[in-house]
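# Residue-level structure breakdown
Here's the letter readout for the chains.
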Amino acid sequence: MLRTLGVLGGMGPLATASFMNQVIALSPAKNDQEHIPMFIRNIPQIPDRTKFLMGIEDENPFFELKKGFNQLTSLGVSCIVIPCNTAHYWYNALTQNADVHTISIVQSVIKRAKATGKRKVGILATTATLNMRIYQTAFSKHNIEFIEPNEQQQTFIMQGITAVKSGDLTSGHNLLKQSYELMLAHGADTVLFGCTEIPLVLNEQVFNSPDTCLDTIAILAQECVNWAYTSTQQSTHLFSSVA
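Residues numbered from 1 in each chain as written. Predicted model: local features only at pLDDT ≥ 70, side-chain atom pairs only at ≥ 80, totals over all residues. Heavy atoms only, no water.

## A short note on the overall build of the chain
- Each helix and strand in the chain was counted, giving 12 helices and 8 strands.
- Relative to the globule expectation of 18 Å for 243 residues, the C-alpha radius of gyration of the chain, 18 Å, shows essentially globular dimensions.
- Judged by the C-alpha coordinates and their principal axes, the chain covers about 65 × 40 × 35 Å.
- Taking all 243 residues of the chain together, the buried fraction comes to 49%.
- Restricting the contact set of the chain to residue pairs at least 6 apart, pairs at least 24 apart contribute 71%.
- A total accessible area of about 12000 Å² is found for the chain, and carbon and sulfur atoms account for 51% of it.
- Counting 17 positive and 19 negative side-chain charges, the chain places the averaged centre of each group 7 Å from the other. (Helix = DSSP H or I, 4+ residues; strand = E, 2+ residues; numbered from the N terminus. Rg over C-alpha atoms; globule rule 2.2 N^0.38 Å. Buried < 20%, exposed > 50% of the residue type's maximum accessible area, 1.4 Å probe, protein only. Contact = heavy atoms within 4.5 Å. Areas by Shrake-Rupley, 256 points an atom, 1.4 Å probe, with all protein chains shown as cover. Lys, Arg positive; Asp, Glu negative; His and termini not counted. Charge placed at Lys NZ, Arg CZ, Asp CG, Glu CD.)

Here it is in structure tokens:
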């Protein structure tokens with residue numbers, strides 16, 4: 001019996017849908033019953049993470065995030081994940097003393113970057129994720145160099161992310177593709193898609209040049225698949241041993 005995955009989503013809805021699709025696509029299931037059971041909390045009304053962290057809005061997203069986290073816990077899920085990079089700012093506060101397993105999107109990315117020998121990572125992310133140094137701190141701890149966008153580049157990145165959230169995927173693609181290419185031109189050996197909206201429109205880059213992309217949605221999805229099926233195999237082995 002596969003353990004149940006809880007997804008604290010809605011940040012944004014397209015990213016949550018993409019995450020769910022990738023978990024399904026990556027699962028080694030041969031029929032319906034072998035897929036990972038999931039409870040998806042896709043509530044987009046969580047206050048804007050970037051605007052709060054930038055001091056533009058006063059409503060703290062933590063309380064709605066905690067409400068969602070507790071709702072998933074009450075459903076009896078075995079693991080909770082948050083497919084949003086900016087929301088990782090509250091990860092420690094949400095998971096402290098939690099009686100449920102969690103998988104961190106940031107730690108999943110670090111694990112992948114180290115496993116694939118990344119040396120210098122260009123960071124594409126929201127301004128809040130950059131300013132809170134969510135990825136810079138993590139990369140520095142593991143001796144991975146990084147490149148940050150300058151102010152003008154960051155303006156284009158935020159315009160691209162906003163375009164994707166509004167459904168204007170063409171504008172989002174054009175703006176974010178330019179930023180991705182600039183990072184590589186400035187010496188990055190890979191580019192972090194540090195906002196889950198970014199891989200939605202740079203999927204061509206992920207497909208054609210996977211070594212130059214750290215796709216946070218796909219990386220988190222793979223970690224969830226690894227956790228679910230490894231847990232099942234271990235449980236089956238223990239049961240067989242006892243029998």
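## Some words on the pattern of salt bridges
- For the coordinates displayed, the defined rule picks out 6 salt bridges.
- A salt bridge links R41 to E64; the nearest nitrogen and oxygen atoms lie 2.9 Å apart. Remark: E64 occurs in helix α3 (residues 62-74) and R41 occurs in strand β2 (residues 38-42); sequence separation between them is 23 residues.
- According to the relative accessible area criterion, R41 is buried, its value standing at 8%.
- A salt bridge links E57 to K51; the nearest nitrogen and oxygen atoms lie 3.9 Å apart.
- Overall, E57 belongs to the partly exposed group, its relative accessible area being 33%.
- A relative accessible area of 35% places K51 in the partly exposed class. (Salt bridge = Lys/Arg side-chain N within 4 Å of Asp/Glu carboxyl O.)

Take it as geometry only, folks, not as evidence of what the structure does.
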